[in-house]
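One-letter residues, chain by chain:
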Amino acid sequence: MAYNAHILNETDEFEYILTDRDCSENTFALKIEGDSMQPEFEPGDIIIVDPEIEPCPGEFVVAKNCDNEATFKKYRPQTTAMDSKAVFELIPLNPDYPTIKSDIVPVTIIGTMVEHRIYRRKR
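The rules behind these values
- Residues numbered from 1 in each chain as written.
- Predicted model: local features only at pLDDT ≥ 70, side-chain atom pairs only at ≥ 80, totals over all residues.
- Heavy atoms only, no water.
- Helix = DSSP H or I, 4+ residues; strand = E, 2+ residues; numbered from the N terminus.
- Buried < 20%, exposed > 50% of the residue type's maximum accessible area, 1.4 Å probe, protein only.
- Contact = heavy atoms within 4.5 Å.
- pLDDT = per-residue confidence, 0-100.
- Phe/Tyr/Trp six-rings, centres within 6.5 Å; stacked < 30°, edge-to-face > 60°.
- Salt bridge = Lys/Arg side-chain N within 4 Å of Asp/Glu carboxyl O.
- Core = buried A, V, L, I, M, F, W, Y, C linked by side-chain atoms within 4.5 Å.

Asker: Teacher, can you tell me more about the overall build of the protein chain here?
Answerer: Of regular secondary structure, the protein chain possesses zero helices and nine strands. Moving toward the C terminus, one meets the helices and strands of the protein chain in the order β-β-β-β-β-β-β-β-β. Counting every position in the protein chain, which comprises 123 residues, the buried fraction comes to 37%. Sequence separation of at least 24 residues holds for 46% of the intrachain contacts in the protein chain that already meet a minimum separation of 6.

Asker: What is the right way to look at the confidence of the model for the protein chain in this model?
Answerer: Should pLDDT be low for a region, the predicted coordinates there are not to be read in detail. Mean pLDDT over the protein chain stands at 86; residues scoring 70 or higher make up 83%. Mean pLDDT per element in the protein chain: strand S1 (residues 3-8) is the minimum at 54, and strand S8 (residues 100-101) is the maximum at 96.

Asker: What is the right way to look at the packing of aromatic side chains in this model?
Answerer: Two measures describe an aromatic ring pair: the distance that separates the ring centres and the angle between the ring planes. With the rule as written, the count across this model stands at four aromatic pairs. Aromatic pair Phe-41 and Phe-60: ring centres 4.9 Å apart, planes at 70°, arrangement edge-to-face. Taken together, the residues span a long stretch of sequence, with Phe-41 in the loop between strand S3 (28-31) and strand S4 (46-50) and Phe-60 in strand S5 (residues 60-65) at a distance of 19 residues. Look at Phe-41 and Phe-72: their rings are 4.9 Å apart centre to centre, the planes differ by 85°, and that puts the pair in the edge-to-face class.

Asker: Just to check I follow, could you spell out the pattern of salt bridges for this structure?
Answerer: When charged atoms on two side chains of opposite charge get close, those side chains can pair. Applying the stated criterion across every chain, the model contains three salt bridges. Taking the shortest distance from any N to any O, the salt bridge between Glu-89 and Lys-101 comes out at 3.4 Å. Of this pair, Glu-89 sits in strand S7 (residues 86-91) while Lys-101 sits in strand S8; the two residues are 12 residues apart in sequence, bridging distant segments of the chain. According to the relative accessible area criterion, Glu-89 is buried, its value standing at 8%. In this structure, Glu-115 engages Arg-117 in a salt bridge whose closest nitrogen and oxygen atoms are separated by 2.5 Å. Through salt bridges with shared partners, a single ionic network connects Arg-76, Glu-89 and Lys-101.

Asker: Please clarify how unusual backbone geometry should be interpreted in this entry.
Answerer: Of all residues except glycine, most have a negative phi; of all peptide bonds, most are trans. The residue after Gln-38, namely Pro-39, is reached through a cis peptide bond having omega 10°. Non-glycine residue Asn-68 carries a positive phi angle of around 60°. Following the sequence through the fold, Asn-68 ends up in the loop between S5 and strand S6 (70-80). The exposure class of Asn-68 is exposed, given its relative accessible area of 58%.

Asker: For this particular structure, what's the right way to read the environment of Cys-56?
Answerer: Here Cys-56 lies in the loop between S4 and S5. C-alpha separation for the pair Cys-56 and Tyr-75, spaced 19 residues apart in sequence, amounts to 7.4 Å.

Asker: Is there a simple way to think about the nonpolar core in this case?
Answerer: Burial of nonpolar side chains together is a common tendency in soluble globular proteins. Among the nonpolar cores identified, the biggest contains 10 residues, and these are Phe-28, Ile-32, Met-37, Phe-41, Ile-47, Val-49, Phe-60, Val-62, Phe-72 and Met-113. Looking at this core, the elements that each hand over two or more residues are S4 and S5. Sequence-distant contacts of Met-37, defined by excluding residues within four places in its chain, comprise Phe-60, Phe-72, Lys-73, Lys-74, Ile-91, Pro-92, Leu-93 and Asn-94. Grouped together as the second largest cluster of nonpolar side chains are seven residues, Val-61, Tyr-75, Phe-88 and Ile-100 included.

Listed below in structure tokens is the structure:
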């Protein structure tokens, strides 16, 4: 069975991407921009993200900050804060970028990556 994940393309229209993964109905796709997750994730790669999956340590997640900007990083849980709120870090794979710590920068996990599509890269 194929499932649809939608992505907003360059012309601000939705396009649908098929996946054979068992995903929730709110699953979506994102196109990677920037180089903070290089070398594993390159600009133009597409990730499929399921917002219903809680991340496990080492998985890749999409999160948003208080300005509603999205970021894609590796998830690392830390501790539980005094108010029972989970504290975590979002780790870039490119060492030139800083780690985001949820107890310092307010961020919310949007979903967990379930698929990574790499397209042919002609160099």
